[in-house]
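Observations on chain architecture
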Amino acid sequence: HEGRGYCGPYPPAGSTHAYVIYVVALKSADTKIGGMVNVAGKDTEALFTALDTTTSGETGNVIAYGELGGAYCSDW
């Protein structure tokens, strides 16, 4: 990993990791979510609250969302 671009799932050898990907449709891209993208199920509610509120304080910014879950095993 050189820190450039997307390299995909990369769990340690011999282990399986669960992944959840959210796709969110927003009315306005004017949101503040700094540092919250990698919540990994820890605080999904806070992420969606942040996305639903624009930086000017208006709520109702999330139009719709979808979720895709899967597992990745480095030995497959």
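The residue numbers shown here count from 1 along each chain, following its written sequence. With the structure being a predicted model, the display of local features is reserved for residues of pLDDT at least 70 and the display and counting of side-chain atom pairs for 80 or more, all residues being used for whole-chain, interface and lining totals. Remark: hydrogens and water are excluded; side-chain values derive from all non-hydrogen atoms of the structure.

Attention shifts here to the side chain of Thr54. Of note, Thr54 is situated in the loop between helix H1 (44-52) and strand S2 (62-73). Only 3.0 Å separates the side chain of Thr54 from the side chain of Ser56, close enough to count as a polar contact. Helix and strand assignments follow DSSP, with helices taken as H or I runs no shorter than four residues and strands as E runs no shorter than two, numbered in order from the N terminus. The definition of a polar contact used here is a pair of N or O atoms within 3.5 Å, where within protein one atom must be able to donate a hydrogen and the other to accept one, and adjacent residues in sequence count solely through side-chain atom pairs.

Attention now moves to the side chain of Asn61. The topology assignment puts Asn61 in the loop between H1 and S2. Assessed through its relative accessible area of 2%, Asn61 is described here as buried. Side-chain polar atoms of Asn61 contact the backbone nitrogen of Ser28, separated by 2.8 Å. There is a polar contact of 3.0 Å between the side chain of Asn61 and the backbone oxygen of Leu51. For every residue, the accessible area (1.4 Å probe, protein chains only) is compared with the maximum for its type, and the residue is labelled buried under 20%, exposed over 50%, or partly exposed between those bounds.

The complete set of buried residues in H1 reads Thr44, Leu47, Phe48, Ala50 and Leu51. Buried residues along H1 cover an arc of 160 degrees about the axis, so they all sit on one side. Directions are taken from the helix axis to each C-beta atom, and the arc is the one they span.

Ring geometry is summarised as follows: Phe, Tyr and Trp rings, the Trp one being its six-membered ring, pair when their centres sit within 6.5 Å, and such pairs are stacked at plane angles under 30 degrees, edge-to-face over 60 and tilted between the two. One pass over the full model with this rule turns up two aromatic pairs. Measuring from centroid to centroid gives 5.4 Å for Tyr22 and Phe48, while their planes differ by 85 degrees, and the two rings are edge-to-face. With a gap of 26 residues between them, Tyr22 in strand S1 (residues 16-26) and Phe48 in helix H1 connect regions that are remote in the sequence. According to the relative accessible area criterion, Tyr22 is partly exposed, its value standing at 28%. Its relative accessible area of 16% is what places Phe48 among the buried residues. Clustering of aromatic rings is evident, with ring pairs tying together Tyr22, Phe48 and Tyr65.

Honestly, it's all geometry; don't read function into it.
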